[in-house]
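Residues per chain, in single letters:
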Amino acid sequence: MSELSKPVGPYAPIVRAGDWLICSGQLGLSGGQLVEGLTAQVTQALANAGALLQSEGASLTDVVKTTVFLTDMKDFSAMNEAYVAAFGDHRPARSAFAVVALPLGAVVEIEVWAFTNSGRSES
């Protein structure tokens, strides 16, 4: 399990709302430091989200929606490759946006929403 990263602002890193878990946007932080490069940041951001979900008894397979923020849309294809590597065959709904800048000089930030109702049917 990835070490839980500390928030870089005044917010909760994960919130439960009934059967929903909402993870605030995750950066590619490891040991309090931003990892180098887009692929590493996507991989680490999703590992951080996975660790937050695991702390609540869930996993990336419970994710139904993600929002990806990129500082350069030219990174979209490379982000997709790292994203698929993290999610495997699971395909949550997703939005992606270009932004001017992200905290700590990150090139990507990823927010995830997970649904944890154990009685749901698999699709």
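For clarity, every value in this text was computed on a predicted model and none was experimentally measured.

**Thoughts on the nonpolar core**
Core analysis: the biggest nonpolar cluster contains 23 residues, and Val 42, Leu 53 and Ile 110 have the highest contact counts within it. When residues no more than four places from it in sequence are discounted, the contact partners of Leu 53 are Ile 14, Leu 21, Cys 23, Ala 58, Ser 59, Leu 60, Val 63, Val 112 and Ala 114.

**Observations concerning the pairing of strand S2 (residues 20–26)**
Within S2, five of the seven residues are buried, leaving the element largely enclosed by the surrounding structure. Sheet topology places strand S1 (residues 14–17) next to S2; four bridges connect them, and they run antiparallel. Bridge pairing links Ala 17 to Trp 20 in S2. Strand direction decides the pairing type here: S2 and strand S7 (residues 108–115), joined by five bridges, are antiparallel. Paired with Cys 23 across the strands is Val 112, a residue of S7.

**With respect to the sheet that holds S7**
Taken together, five strands build an open sheet; the order of strands is S1-S2-S7-S5-S6 and the sheet is mixed. Two strands lie at the open edges of the sheet, namely S1 and strand S6 (93–98), each paired on one side alone. With strand direction ignored, the average angle separating the axes of adjacent strands in the sheet is 10 degrees. In the packing of helix H1 (residues 38–55) onto the sheet, contacts are made with S1, S2, strand S5 (63–70) and S7, and the angle to S7 comes to roughly 30 degrees. Of the strands in this sheet, S5 and S6 touch helix H2 (residues 76–87), which is tilted by about 150 degrees from S5.

**Let's talk about a nonpolar patch on the surface**
A surface patch of nonpolar side chains, about 270 Å² in accessible area, is lined by Val 8, Tyr 11 and Leu 104. Structurally, the position occupied by Leu 104 is in the loop between S6 and S7.

**A closer look at the packing of aromatic side chains**
Overall, the coordinates contain four aromatic pairs when judged by the stated rule. Where Phe 69 meets Phe 97, the ring centres are 6.1 Å apart and the plane angle is 25 degrees; that geometry is what we call stacked. With Phe 69 in strand S5 and Phe 97 in strand S6, the pair connects residues that are 28 residues apart, well separated along the chain. When the ring of Tyr 83 is compared with that of Phe 87, the centres are 4.8 Å apart and the planes differ by 45 degrees; the resulting orientation is tilted. Here the residue Tyr 83 and the residue Phe 87 both occupy positions in helix H2, the gap between them amounting to four residues, near one helical turn. For the pair Tyr 83 and Phe 87, one class covers both residues: buried. Grouping aromatic residues by their ring pairs yields a cluster made of Trp 20, Trp 113 and Phe 115. Arg 94 extends its terminal NZ or CZ atom over the ring of Tyr 83, reaching a point 4.6 Å from the ring centre.

Conventions adopted
Residues numbered from 1 in each chain as written. Predicted model: local features only at pLDDT ≥ 70, side-chain atom pairs only at ≥ 80, totals over all residues. Heavy atoms only, no water. Core = buried A, V, L, I, M, F, W, Y, C linked by side-chain atoms within 4.5 Å. Buried < 20%, exposed > 50% of the residue type's maximum accessible area, 1.4 Å probe, protein only. Contact = heavy atoms within 4.5 Å. Helix = DSSP H or I, 4+ residues; strand = E, 2+ residues; numbered from the N terminus. Pairing = 2+ DSSP bridges. Axes fitted to C-alpha atoms, helices over the stretch in contact; angles between N-to-C directions. Patch = residues over 30% accessible without salt bridge, like charges linked within 9 Å, V, L, I, M, F, W, Y side chains within 5 Å. Areas by Shrake-Rupley, 256 points an atom, 1.4 Å probe, with all protein chains shown as cover. Salt bridge = Lys/Arg side-chain N within 4 Å of Asp/Glu carboxyl O. Phe/Tyr/Trp six-rings, centres within 6.5 Å; stacked < 30°, edge-to-face > 60°. Lys NZ or Arg CZ within 6 Å of the ring centre and 35° of its normal.

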